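Read off the chains here:
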Amino acid sequence: MSTNGNGAFVQIRGVSKWFGDLQVLDKITLDVPEHNVVCLIGASGSGKSTLLRCLNLLEQVEEGEIVVDGQRLTHDKVDVNDLRRKIGIVFQAYNLFPHMTVLQNVMLAPRKALGISRDEAEERARPLLRRIGLEAKADAFPDRLSGGQQQRVAIVRALAMQPKLMLLDEITSALDPQLVTDVLQLVRELAESGMTMILATHEMGFAREVADKVCFLDAGCISEEGPPEQIFSNPREPRTRQFLSRVLEAEKLA
Amino acid sequence: MHAFHQVIHAFFNPHSYTLAMPDVWSGFQLNLRMMAIAEVLVLVLALGIAILRGLPGPAARPLRALAIAYADFFRGTPIIIVAFLVGFGLPGLQLGYISSRSVTTYGVIALTLVYTAYVTEVYRAGIESVHPSQRAAARSLGLSYMQAMRYVVVPQAVRRVIPPLLNDFIGLQKDTAIVSVIGVAEAAQSAGQFSNRNGDFPSYVVAAVFFILITIPLARFTDHLVMKRERLERAQAF
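Please read these numbers as outputs of a predicted model, since none were measured by experiment.

Novice: Please explain the nonpolar core as it appears in this structure.
Specialist: Most often, soluble globular proteins keep nonpolar side chains buried together rather than apart. All names here are of chain A. Judged by nonpolar contacts, the single largest core of 53 residues is most densely connected at Ile41, Ile155, Met166 and Met197. Sorting elements by how many residues they give to this core places helix H6 (residues 177-192) first, with seven residues. Those residues in contact with methionine 166 that sit more than four places away from it in its chain are Gly88, Val90, Ile155, Ala158, Leu159, Leu190, Met195, Thr196, Met197 and Ile198.

What follows is the structure in structure tokens.
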């Protein structure tokens, strides 16, 4: 395994990916320093989710290189299971395990992937559930929870592995508007605690608030990147401007 | 009218029932034992083969091919022929231990071979019905492929396939009678012998009743599970 002491915590270098003939990522290059929050914005199908899935090796990168915490992901001999333990991902559809209680959902990976004892795993899980105000639901099954509650459980399920990097893939897109706030508050707290995060999001206001850097993806390319004030107030690229004005219009209609 | 009375008498002579009962019952105990052993073996082996068949990657191709060949062969071959092949074939091979088992053991082997092929398909359908995002979520947490199968995919799959699985077991229970062709002294065989000796048929009716009596609870239980699942799904739709 190659290590790389210097450079950013996450380094993405010229990453390309195809689904058949369709190129979904086109020479993406991006650095994410430790404790930074990067937001990926762009239309559906622009490659945001695919990029996040590549960072967790749920998708194979066909070209280019990704380094996380000095470990090269795009290396044949990489231990994917070991790597994923350091990188948490949360999906749009929560994907809680429906046959397990909330507590079991949070305890499963620490117990089986890290091999810690049941007691230790519970000691880890309960405070996390308390933090999101759901300790009372520890023994409930996911279908008894609202979407917002399920998504917060999914976030702490990832946190229970004590990851060094969190990837959030449009985690509020499937939620009713009134349920979004609690989920975003949890992400805000994570950002404040110094968690390194990459978010794909449609919540422009939130991106503006928490991001250190915003990247606008268009047809698999990062067509513009910069601090949130610049991207949202003074976008340079016409495509970015077009996208943002459409989103703003949609928000007015909603 | 005479012929009719003869038939009635031949099937429903009360005296013959009392006589046939002990013979058929002792044979039926063998059916029960074969069912129980074969069902446990089928549950375990079929799950193993279903998992082999779902293994990803080119390295697992020979295993997948083997699993497919197995299912094709044993689903395509009538169980009576499998019984002959096992019951007369294995002893004929003169392979020491495996050639010197009892006919009952060969009967269980034949039933297990055939029903494992069916139940493998049932498990496979169940495993495929679990949404890929469940596996992705498990893998993304750092669980290995087998851990994701064991803790996340298979438990959900098994729950979904219990009704079709029990249906196959109803078939298996009845097919324990077929292995009488290799000389297993189970209920159908005992009934036949009794009928030959006595010249009437109540022994067959007794055997039929035994089979029906153990099938009905299983069938009702399966119905109950199907209905429970449907209620649950309707409730979730709202």
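The structure having been displayed, the exposition proceeds.
Novice: I'm lost on helix H1 (residues 48-55) of chain A in this one. Help?
Specialist: Every α-helix winds through 3.6 residues per turn, so residues three or four apart in the chain are directed the same way. The buried fraction of H1(A) is high, at six of eight residues. What H1(A) keeps buried is the set A:Lys48, A:Thr50, A:Leu51, A:Leu52, A:Cys54 and A:Leu55.

Novice: Where do I start with the packing of helix H3 (residues 102-113) of chain A against helix H4 (residues 118-131) of chain A in this structure?
Specialist: For any two helices packed against each other, the geometry is given by the interaxial angle and the distance between the axes. All names here are of chain A. Here H3 crosses H4 at 130°, and the two axes come no closer than 9 Å. Judged on the interaxial angle alone, H4 and H3 are oblique. Seen from above, H3 lies across H4 with right-handed handedness. Across the interface between the two elements, Val102, Leu103, Val106, Met107, Pro110 and Arg111 from H3 touch Arg118, Ala121, Glu122, Arg124, Ala125, Arg126 and Leu129 from H4. Here the residues of the contact of H3 with H4 are counted per class, giving eight nonpolar, no polar and five charged.

Novice: Just to check I follow, could you spell out helix H5 (residues 147-159) of chain A for this structure?
Specialist: For H5(A), spanning 13 residues, the distance from its first C-alpha to its last is 18 Å, which sits close to the expected 18 Å at 1.5 Å a residue. The buried fraction of H5(A) amounts to 13 of the 13 residues, a majority that puts the element mostly inside the structure.

Novice: Quick question: what am I supposed to make of the sheet that holds strand E5 (residues 71-72) of chain A here?
Specialist: Residue and element names in this part refer to chain A. An order of E2-E1-E4-E5 is seen for the four strands of this open sheet, with the pairing classed as antiparallel. The open sheet terminates on both sides in strands that have one partner only, identified here as strand E2 (22-32) and E5. As paired strands, strand E1 (residues 10-19) and strand E4 (residues 63-68) are joined by five bridges and run antiparallel to one another. Looking at the pairing, arginine 13 lines up with glutamate 65 of E4.

Conventions adopted
- Residues numbered from 1 in each chain as written.
- Chains lettered and ligands numbered in written order.
- Predicted model: local features only at pLDDT ≥ 70, side-chain atom pairs only at ≥ 80, totals over all residues.
- Heavy atoms only, no water.
- Core = buried A, V, L, I, M, F, W, Y, C linked by side-chain atoms within 4.5 Å.
- Buried < 20%, exposed > 50% of the residue type's maximum accessible area, 1.4 Å probe, protein only.
- Helix = DSSP H or I, 4+ residues; strand = E, 2+ residues; numbered from the N terminus.
- Contact = heavy atoms within 4.5 Å.
- Axes fitted to C-alpha atoms, helices over the stretch in contact; angles between N-to-C directions.
- Parallel < 35°, antiparallel > 145°, perpendicular 65-115°, else oblique.
- Left-handed = near helix turned anticlockwise from the far one by under 90°.
- Nonpolar A, V, L, I, M, F, W, Y, C, P; charged D, E, K, R; others polar.
- Expected span 1.5 Å × (residues − 1).
- Pairing = 2+ DSSP bridges.

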